[in-house]
Amino acid sequence: MQRRMERVDPFLYRPLDPSLTEWLEEVRRFKTRSPRTLSEYAREVEQFGRFLHGIPQKKRGGKDDRDVVDPLVYPKLVDAAPADLVGYFCALTAKPFRRNSLRRKAFALRSYYQTIVKLGMRTDDPTVTLPVPEKDRKRDPKVIPEEQIGKLLRATLPGRNDFCRTRDTAMLELLYASGVRRAELISIRTDAIDWRDRAIRVIGKGAKPRTVYFNEAAEKTMRAWIAIRPRSLDNILFLTEKGTPLSHSYIGKIFRAYVDVSGLDVHATPHAMRHSFAVHLLQNGADLVTIKDLLGHESFDTTKIYLSLTDSHRKSVYDKSHPRDKADY
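We now turn to the structure provided with this report. Remember, it's a predicted structure, so these values are computed and weren't measured experimentally. (Residues numbered from 1 in each chain as written. Predicted model: local features only at pLDDT ≥ 70, side-chain atom pairs only at ≥ 80, totals over all residues. Heavy atoms only, no water.)

1. Some remarks on the packing of helix α6 (residues 162-178) against helix α10 (residues 270-283)
Let me state the cut-off plainly: In this analysis an axis means a line fitted to C-alpha atoms, helices contributing only their contacting stretch, and an angle means the value between N-to-C directions, from 0 to 180 degrees. Each helix is a run of H or I in the DSSP string that is no shorter than four residues. Each strand is a run of E no shorter than two, and both are numbered from the N terminus. Angles are sorted into four bins: roughly parallel if under 35 degrees, roughly antiparallel if over 145, roughly perpendicular if 65 to 115, and oblique for all others. Two residues qualify as a contact provided that any one of their heavy atoms is within 4.5 Å of a heavy atom in the partner residue. Each residue receives one of three labels: charged for Asp, Glu, Lys and Arg, nonpolar for Ala, Val, Leu, Ile, Met, Phe, Trp, Tyr, Cys and Pro, and polar for the others, Gly being one of them.
In contact at an axis separation of 7 Å, α6 and α10 are set at 45° when each is read in the N-to-C sense. By the angle class used here, α6 and α10 are oblique. Here α6 contributes L172, L175, Y176, A177 and S178 to the contact with α10, which in turn contributes M273, S276, F277 and H280. For the contact of α6 with α10, the residue count by class is six nonpolar, three polar and no charged.

2. Points about the sheet that holds strand β3 (residues 209-213)
Rules: Whether two strands pair comes down to DSSP finding at least two bridges between them.
In space, the three strands of this open sheet follow the order β1-β2-β3, with antiparallel pairing throughout. Sheet topology places β1 (193-194) and β3 at the edges, where each strand pairs with a single neighbour. Pairing geometry for β1 and strand β2 (residues 199-203), over two bridges, is antiparallel. Looking at β2, one finds that D194 is bridged to A199.

3. Focus: the side chain of R274
Inclusion rule: Burial classes: relative accessible area under 20% of the type maximum marks a residue as buried, over 50% as exposed, and values in between as partly exposed (1.4 Å probe, protein chains only). His is not counted, nor are the chain ends, whereas Lys and Arg count as positive and Asp and Glu as negative. Put simply, a salt bridge is a Lys or Arg side-chain nitrogen that is within 4 Å of an Asp or Glu carboxyl oxygen.
With respect to the element layout, R274 can be found in helix α10. No salt bridge is formed by the buried R274; the nearest opposite charge belongs to E184, separated by 4.5 Å. Not counting the four nearest positions on each side in its chain, R274 is found in contact with G179, V180, R181, E184, R210, L295 and H297.

4. Let's talk about helix α1 (residues 18-30)
This is how it is decided: Every helix has an expected span of 1.5 Å times one less than the residues it contains.
Helix length check: α1 (13 residues) gives 19 Å between terminal C-alpha atoms against 18 Å at 1.5 Å per residue, within 8%. Residues of α1 that are buried in the fold lie against α2 (35-52) and α4 (99-118).

5. Describing the pairing of β3
Side chains R210 and V212 of β3 all project onto a buried face; the interleaved residues P209, T211 and Y213 project onto a face where none is buried. Here five bridges tie β2 to β3, and the two strands are oriented antiparallel to one another. Bridge pairing links I203 to P209 in β3. The antiparallel pairing of β2 with β3 creates a hairpin that spans five residues between the two strands, and G206 there sits at a positive phi of about 70°.

Set out below in C-alpha cells:
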C-alpha cells in the first residue's frame, strides 16, 4: 500500500494510517466529495486518533499544517468503542467549538466507521448511537459595501514584489467579478478560461461543473498576471513564485493582509467577496435565477438569503421610482 503523501490537487493528501487511506479511497470512488472536504474529514478523524493515543491535538496558526504529514498511524482507531467517542465529544464540548464544527467532526467519524465496516475491517459501527449536534443558527452573510470593495481592489501591500502584486490583484478582481469560492479560485486551470466570452469553467461543491464570468477589469489584471505566470505542468492559474499551487489558507492570509492595509470598516474574508458579488448584482438589477446559477447553488433557499440584505436598496428604488408622490393629481 502506498503511504506517501500524494497531492492530487492543492487540498487532498494521503494520510499514513492505512485504515484512513482505504477509507478515503472508498469515499473518492463512490461518493461525490470535493478534495477539500475529503482533506478536512481526514484531519477530523486523525484528531480522534490522536485523542485515543493521548497525543496533544494540533493547533492551527503559524506554519500551515495542511502541508505537513503527521508520521503517526493510529492502531486504536479501527477498534474504538462507543464510549471512546462519547469521551471525545465530551472533551470537545468543554472547548468553545461551534455546533457546526462538532457536526462536521461527527459526520467525518460516521463516514469513516461506516466505510471500514463495509470494507470488513470491523463488524459493528460505533457511531450508530452518536448524537449529531444541531446546526448553528444561520447568520446573515457579511457583505462589503461597493465603495469599500473599491478600496480593497486598489490596495497594495508594502514590500510586495511585482510578481506577487500582479497575482494578488488578479485574484482579488476575479473573486469579486465571478463570485467563485476560495477553493474554486485556486483550482482554476488556464485551459478552462474562455477569453473571448470572458467565461471560466470551474468545479464547484460536489464536483459539479459550472460556468462563471468575469468583467473587463478582471480580464485586464488576469492578462497582466498570465504574462508573468511561471509555467506549470498542471496548468493551475494562480501559482507561487516556485510554480506550485496556492493553498486554501494562504489565500485567506493574503486576503486579510489586503483588508488590513485598505482600512476596511468591516471584518471580511474571501467568502465575503462571494456574498458581495451576489448582493451587488441584486442591487443592480440581476434576477435571482441568474445569481443562483452563477453561484452554483442547488436550492433557491440558499440564494434567497441575499434578498433580506437588499431591503434598504429596494426601499430606496421604490421611493425614487413610484410616481404618485411626484404627481400633482
